[in-house]
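A look at the structure
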Amino acid sequence: MNASDRTPADLLRSALAADPARPLITFYDDATGERVELSVATFANWVSKTANLLQDELSAEPGDRLALLLPAHWQSAVWLLACSSVGVCVEIGGDPAAASLVVSGPDTLDAARACGGERVALALRPLGGRFPRPPAGFVDYAVEVPSQGDRFAPYAPVDPQAPALVVGGTELTGAQLVARARADAGERGLGAGSRLLSGLSYDGWQGLSAGLFAPLAAGGSVVLCRHLGTLPAPALEQRVTSERVTHRAV
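A brief structural summary. Treat the numbers as computed from the prediction; the structure is a model and nothing was measured. (Residues numbered from 1 in each chain as written. Predicted model: local features only at pLDDT ≥ 70, side-chain atom pairs only at ≥ 80, totals over all residues. Heavy atoms only, no water.)

**Points about the sheet that holds strand β6 (residues 118-121)**
Reading across the sheet, the seven strands line up as β7-β6-β5-β3-β4-β8-β9 and stay open at both edges, with mixed pairing between neighbours. In this open sheet, the two edge strands, each paired with only one partner strand, are β7 (139-140) and β9 (170-173). In the sheet, strand β8 (residues 163-167) pairs with β9 via four bridges, with the strands oriented antiparallel. Bridge pairing in β9 places V166 opposite E171. Those strands touched by helix α7 (residues 205-218) are β4 (89-92), β8 and β9, and its axis lies near 120° from that of β8. (Pairing = 2+ DSSP bridges. Helix = DSSP H or I, 4+ residues; strand = E, 2+ residues; numbered from the N terminus. Contact = heavy atoms within 4.5 Å. Axes fitted to C-alpha atoms, helices over the stretch in contact; angles between N-to-C directions.)

Quick look at the structure:
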């Protein structure tokens, strides 16, 4: 990755410039059998559309706080990078009542209603499907995001020294997040072409790093597995082989 990258969005831009066709996130949900693979280019397109939704439709601005109430999921990763692109600070599992915006999965809608700002709901269905019936008081992400632009340009430059992420009570700027991701990648021995299988939750830094930021910083990719504990050991080893996994975080 480029040594001048100072925000997660910078890391993604460098990955896109280096090799847009390579896999970035391969997602499994072992409770439903879902598998989705996103190349760098496809992931970046989702990020651009989501950032445009944030900036243009939800009126988000740099410095706003977004409570992210989502599990480890490829769409969660999209939101993390979209917020970085706009300059919005993500609070993992944050208090919706204290946030400017909230993004919720189907299991946390009641808690998310405490947010007085914009509320976005994700059904987390296979292939990014929408809710059969949109939840009252929420924007259905799957309905709104497809029509957004494929290219994104922030109205204001994103400050690498501004807060970008709050997780486990620790606040990180964009620059600090990138530095931590690079350090974690080094400690794990990740490099260009590495494939890290992660079954960790996104509710702590370790899971966010293994499940997104460290592989992105290293020029590698992640096999992100939700409900991995339901997978028998032989099936896990088969996945490790079929997905050409080089490193694990389970």
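Moving on, there is more to tell.
**Focus on the packing of aromatic side chains**
Tallied over the full model, the rule gives four aromatic pairs. Relative to W74, the ring of W46 lies with its centre 4.9 Å away and its plane at 80°, an arrangement referred to as edge-to-face. Remark: W74 occurs in helix α3 (residues 74-86) and W46 occurs in helix α2 (residues 40-57); sequence separation between them is 28 residues. Given a relative accessible area of 21%, W46 falls into the partly exposed group. (Phe/Tyr/Trp six-rings, centres within 6.5 Å; stacked < 30°, edge-to-face > 60°. Buried < 20%, exposed > 50% of the residue type's maximum accessible area, 1.4 Å probe, protein only.)

**Side note on the packing of α3 against α7**
Between α3 and α7, the least distance of the axes is 11 Å, while the angle of their chain directions is 55°. If you check the angle between α3 and α7, you find them oblique. Where α3 crosses over α7, the two elements pack in a sense that is right-handed. Between α3 and α7, the contacting residues are A77, L80 and L81 on the first element and L208, L212, F213 and L216 on the second. Residues of the contact of α3 with α7, tallied by class, amount to seven nonpolar, no polar and no charged. (Parallel < 35°, antiparallel > 145°, perpendicular 65-115°, else oblique. Left-handed = near helix turned anticlockwise from the far one by under 90°. Nonpolar A, V, L, I, M, F, W, Y, C, P; charged D, E, K, R; others polar.)

**Some thoughts on the environment of S100**
Inspection of the secondary structure puts S100 in the loop between β4 and β5 (101-104). Once the C-alpha coordinates of S100 and G117 are considered, the two residues, 17 residues apart in sequence, prove to be 5.3 Å apart. Those residues within four positions of S100 in sequence are excluded, and the remaining contacts are D64, R65, C115, G117 and E118.

**Details of the sheet that holds strand β1 (residues 23-29)**
On the basis of which strands lie adjacent, the open sheet formed by five strands has the order β2-β1-β11-β10-β12 and mixed pairing. If you trace the sheet from one side to the other, it starts and ends with β2 (34-39) and β12 (247-249), each paired once. The average angle at which neighbouring strand axes cross in this sheet is 15°, direction not considered. In this structure, β1 lies alongside β2, joined through six bridges in antiparallel fashion. Note that in β2 the partner of I25 across the bridge is L38. Against the sheet, α2 touches β1 and β2, its axis set at about 90° to β2. Across the sheet, α7 touches β1, β10 (195-198), β11 (221-226) and β12, and the angle it forms with β11 is around 175°.

**Concerning the pairing of β8**
Of all five residues in β8, four are buried, a share of seventy percent or more. In the sheet, β4 pairs with β8 via two bridges, with the strands oriented parallel. Bridge pairing in β8 links E91 to V166.

**Digging into the state of the cysteines**
Scanning the model with the defined rule gives zero disulfides in all. With no disulfide of its own, C83 has C89 as its nearest cysteine by sulfur position, at a separation of 8.8 Å. Its sulfur unpaired, C115 is 13 Å from the next cysteine sulfur, which belongs to C83. Residue classification places C115 among the buried positions, given a relative accessible area of 1%. (Disulfide = S-S within 2.5 Å.)

**Topic: the pattern of salt bridges**
Enumeration over the complete set of coordinates arrives at 11 salt bridges. A salt bridge links E171 to R65; its shortest N-O distance comes to 2.9 Å. Placement of E171 in strand β9 and of R65 in strand β3 (residues 65-69) is noted, with a sequence separation of 106 residues between them. Between R195 and E243 there is a salt bridge, with the nearest N and O atoms lying 2.7 Å from each other. Of this pair, R195 sits in strand β10 while E243 is found in the loop between α8 (233-242) and β12, placing the two residues 48 residues apart along the sequence. Its relative accessible area of 5% is what places R195 among the buried residues. E243 sits in the buried class, given a relative accessible area of 4%. Salt bridges sharing common partners tie together R35, E37, R195 and E243. (Salt bridge = Lys/Arg side-chain N within 4 Å of Asp/Glu carboxyl O.)

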